[in-house]
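Each chain, written out:
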Amino acid sequence: DIEGERHVLMRGAPDGIAMISREGVILSLNPALERMFGYPQDELLGSNVDHLLPQVTTRWVIGQPTMLRAIRRDGSRFPAQVVLSELNRLGGGFLIVQDLSETVALREEILTIASLEKERLGRELHDATQQELTAMTLFARTLVNRLEAGGAQAEDLDLARQLVGQLASTQQSVQRLARGLLPIPMSADGLPAALQALCAAVGRDNEVEISTEFSGAVPPLSDDAATHLYRIAQEALSNALRHA
């Protein structure tokens, strides 16, 4: 029968499944939900699902996945995706819970690898490519000096000067690219000090005057939030210099 098939599916499902009332009371559950939260079945039956998934009953939308920080029996928290699959005539439904701990850990590992690779490329540009361009620029300037001293033709001298200018421009481009790849130099003063240092460096490198002004106190920020805000300001400065 339908109820028997549903019972078999619940027991064999890899995700946690609970049948709940309109008020969020757990009426039945599968073994996966027991293992996920570390509770025996008799402790979960009749309890409200909110102690596993805080505020889920006030946030859910039927069929719409909701991201929450779920709470295990030992008090530890883990990222979970929750879906209320259907409502029955009594107003309850099936709650499907997926533990995203491994997914989140994998994503963080990928982001860490990408960040390390970006940093490696930035240091390669800064320590090798930029130094090579500096040496080539010095050689080109020496060539200009020799051509001037030897009374070279104006066309040859002009060509050598253009080479110096192009090398210097390329060196600045590589410097800006390397700076964008390297870690943000956050000081004890946090984001405002880093932004002020960025404006000073960009102004110095491009021979423009950039002023900084801060209004109010900056709230405590996570490293990710501070990094995103810094990169936004960095991109805005780059666009202004490129298009103004």
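Data block above holds the structure.
Residues numbered from 1 in each chain as written. Predicted model: local features only at pLDDT ≥ 70, side-chain atom pairs only at ≥ 80, totals over all residues. Heavy atoms only, no water.

Participant: It is not clear to me how the overall build of the protein should be interpreted in this structure. Could you clarify?
Facilitator: If you tally the helices and strands in the protein, you get eight helices and five strands. For the protein, the α and β elements follow one another from N to C terminus as α-β-β-α-α-α-β-β-β-α-α-α-α. Considering only intrachain contacts with a sequence separation of at least 6, the fraction spanning at least 24 residues in the protein is 46%. When the accessible surface of the protein is split by element, carbon and sulfur atoms take 55% of a total near 15,900 Å². (Helix = DSSP H or I, 4+ residues; strand = E, 2+ residues; numbered from the N terminus. Contact = heavy atoms within 4.5 Å. Areas by Shrake-Rupley, 256 points an atom, 1.4 Å probe, with all protein chains shown as cover.)

Participant: Any chance you could explain empty space enclosed by the protein here in plain terms?
Facilitator: Following the criterion strictly, the structure yields one cavity of 30 Å³ or more and no others. As a volume, the largest cavity reaches approximately 40 Å³. If you go around the largest cavity, the residues you meet are Ala18, Ile26, Leu33, Phe37, Val49, Leu52, Leu53, Leu95 and Val97. For the lining of the largest cavity, the secondary-structure elements that each account for two or more residues are α2 (31–37) and β5 (93–99). The class makeup of the residues in the lining of the largest cavity is nine nonpolar, no polar and no charged. (1 Å grid on protein atoms, 1.4 Å probe; cavity = no way out; pocket = protein on both sides within 12 Å on 5 of 7 lines; lining within 4 Å. Points joined across faces, edges and corners; volume = space filled by probe spheres on them. Nonpolar A, V, L, I, M, F, W, Y, C, P; charged D, E, K, R; others polar.)

Participant: Would you mind showing me how to read the packing of helix α7 (residues 191–206) against helix α8 (residues 223–243) here?
Facilitator: Angle between the axes and distance between the axes: these two values describe a pair of packed helices. It is the contact of α7 with α8, at a shortest axis distance of 11 Å, that shows an interaxial angle of 20°. Relative to α8, the element α7 is oriented roughly parallel. Along this stretch, α7 crosses α8, giving a crossing that reads as right-handed. Residues Leu191, Ala194, Leu195, Leu198, Cys199, Val202 and Asn206 of α7 lie in contact with α8, whose contacting residues are Ala226, Leu229, Tyr230, Ala233, Gln234, Leu237 and Leu241. Per-class residue counts for the contact of α7 with α8 are 12 nonpolar, two polar and no charged. (Axes fitted to C-alpha atoms, helices over the stretch in contact; angles between N-to-C directions. Parallel < 35°, antiparallel > 145°, perpendicular 65-115°, else oblique. Left-handed = near helix turned anticlockwise from the far one by under 90°.)

Participant: Would you mind going over the layout of surface pockets with me for this structure?
Facilitator: To find leftover empty space, one rolls a probe the size of a water molecule over the atoms. Roughly 320 Å³ of internal volume is contained in the second largest pocket. Taken together, 14 residues line the second largest pocket, and the ones lying closest to its centre are Arg176, Gln234, Glu235, Ser238 and Arg242. Listed by contribution, the elements that provide at least two residues to the lining of the second largest pocket are α6 (154–181), α7 and α8. Per element, the largest residue contribution to the lining of the second largest pocket is seven residues, and it comes from α8. Counted by class, the lining of the second largest pocket contains five nonpolar, four polar and five charged residues.

Participant: Even after reading the chapter, I still don't get the environment of Glu235, so can you show me in this structure?
Facilitator: With respect to the secondary-structure elements, Glu235 resides in helix α8. A residue is classified by how much of its surface remains accessible, and Glu235, at 44% relative accessible area, is partly exposed. In sequence terms Glu235 and Gly180 are 55 residues apart; their C-alpha atoms lie 9.1 Å from each other. (Buried < 20%, exposed > 50% of the residue type's maximum accessible area, 1.4 Å probe, protein only.)

Participant: I tried to follow the pattern of salt bridges on my own but got confused; where do I start?
Facilitator: Oppositely charged side chains may form a pair once their charged atoms are brought near each other. Applying the stated criterion across every chain, the model contains five salt bridges. Of the charged contacts, one joins Arg120 and Glu117 as a salt bridge, the two residues approaching to 2.7 Å between their closest N and O atoms. With a gap of three residues between them, Arg120 and Glu117 both fall in helix α5 (residues 101–149), about one helical turn apart. According to the relative accessible area criterion, Glu117 is partly exposed, its value standing at 37%. Glu119 serves as the salt-bridge partner of Arg123, at 3.3 Å between the closest nitrogen and oxygen. With Arg123 and Glu119 both in helix α5, this residue pair falls four residues apart, about one helical turn. (Salt bridge = Lys/Arg side-chain N within 4 Å of Asp/Glu carboxyl O.)

Participant: Help me understand α7 in this model?
Facilitator: Structurally, the α-helix is built with 3.6 residues per turn, so residues lying three or four positions apart point the same way. The end-to-end C-alpha distance of α7 is 22 Å, a good match for the 22 Å that 16 residues give at a rise of 1.5 Å each. Buried residues in α7 make contact with α6 and α8. (Expected span 1.5 Å × (residues − 1).)

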